[in-house]
Amino acid sequence: MRTQPSTIEYVDETGTPIRVVRSARRKKTISGAWKQDTMVVSVPAGLTEHAERMLVADMVKKVMRKVVRGTGTDPDAVLLARAHAMDAELFGRLAAPASVRWVSNQNSRWGSASLQTRRIRLSDRLRSMPQWVQDYVLAHELAHLVEPRDGHGPRFKAALSRYPRVHDANIFLSGASHGFHAAKTAAAQPAQVLEADDDFDDFGDLDELGGPGAPDGFGGGVHGGEADDPYRLFG
């Protein structure tokens, strides 16, 4: 039985990273909050292991309900909860993302995913767009985790087709990409280069949009592309 201050970390059955902090200062109450993609729950050091498991599980549920209602304070927590819900509904929890974050330095892509770390990142440019468009990009990245070796091939497309508004989202993002590119060209800004990392998905290159000589298909990466893909404007 743990009765001394300590910290343990684990991933629960929903894929949520949990960190339990036993504090000697805390006597009766517990607290929970999202910190850097992890649910941190602080409990009294004197709790029994059985009581700790019950109270931590209850606190996680309470915080997640706030996240689902949109009252959570961490936007990344809201995004991760949405990813878990979509993974369960569309993919039977096969994607199992380790973390999902909004990022501001991803100016050339709508989203990216890493097979090695199972991290998903979405461009914060999506935050002004309709929820169903954001969900499409999230579904795209989840589908890559489900079918990591298929690129944008038939198995990937079959998985992604479980999202009901693929065609609508492609059209919406085509227009958005054109607008971003037109504004960038008008301002005569130099092309932005994304820093190299371990991402395997190169989803939507805004810098090479629609110009002469732009390659067919999605971003090069490990995926290649298809010339007849309605989303091919991303080069």
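Here, every reference points to the structure presented above.
In what follows, the accompanying structure is described. For clarity, every value in this text was computed on a predicted model and none was experimentally measured.

## Some words on the pattern of salt bridges
So, point 1. Enumeration according to the criterion identifies seven salt bridges in this entry.
So, point 2. The shortest N-O distance in the salt bridge between Glu147 and Arg155 comes to 3.4 Å.
So, point 3. Residue Glu147 is classed as partly exposed on the basis of its relative accessible area of 22%.
So, point 4. Among the residues examined, Arg155 registers a relative accessible area of 45% and is labelled partly exposed.
So, point 5. The partner of Asp168 in a salt bridge is Arg165, with the nearest N and O atoms 3.2 Å apart.
So, point 6. Given a relative accessible area of 33%, Arg165 falls into the partly exposed group.
So, point 7. Connected via shared salt-bridge partners are Glu147, Asp150 and Arg155.

## Points about the nonpolar core
So, point 1. Core analysis: the biggest nonpolar cluster contains 45 residues, and Met39, Ile120, Leu122, Leu126, Leu138 and Leu173 have the highest contact counts within it.
So, point 2. Ranked by residue count, the leading element in this core is helix α3 (residues 131–146), at nine residues.
So, point 3. Those residues within four positions of Ile120 in sequence are excluded, and the remaining contacts are Pro97, Ser99, Val100, Arg101, Ser112, Ala113, Leu138, Glu141, Leu142 and Leu145.

## Side note on α3
So, point 1. Its 16 residues give α3 an end-to-end C-alpha distance of 22 Å, which sits within 8% of 22 Å, the value for a rise of 1.5 Å per residue.
So, point 2. Among the 16 residues in α3, 14 count as buried, and that is most of the element.

## A word on the environment of Val78
So, point 1. You can see Val78 is positioned in helix α2 (residues 75–91).
So, point 2. For the pair Val78 and Arg101, spaced 23 residues apart in sequence, the C-alpha separation works out to 9.4 Å.

## Some words on the sheet that holds strand β3 (residues 31–35)
So, point 1. Taken in spatial order, the four strands make up an open sheet running β1-β2-β4-β3, and their pairing is mixed. Two strands bound the open sheet, and with one partner strand each, they are β1 (6–11) and β3. Strand-to-strand twist in this sheet, taken as the mean axis angle between neighbours without regard to direction, amounts to 20 degrees.
So, point 2. As defined by bridge partners, β3 adjoins strand β4 (residues 38–44) across five bridges and the pair is classed as antiparallel. From the neighbouring strand, Ser31 faces β4, where its bridge partner is Ser42.

Thresholds, definitions, all that
Residues numbered from 1 in each chain as written. Predicted model: local features only at pLDDT ≥ 70, side-chain atom pairs only at ≥ 80, totals over all residues. Heavy atoms only, no water. Salt bridge = Lys/Arg side-chain N within 4 Å of Asp/Glu carboxyl O. Buried < 20%, exposed > 50% of the residue type's maximum accessible area, 1.4 Å probe, protein only. Core = buried A, V, L, I, M, F, W, Y, C linked by side-chain atoms within 4.5 Å. Helix = DSSP H or I, 4+ residues; strand = E, 2+ residues; numbered from the N terminus. Contact = heavy atoms within 4.5 Å. Expected span 1.5 Å × (residues − 1). Pairing = 2+ DSSP bridges. Axes fitted to C-alpha atoms, helices over the stretch in contact; angles between N-to-C directions.

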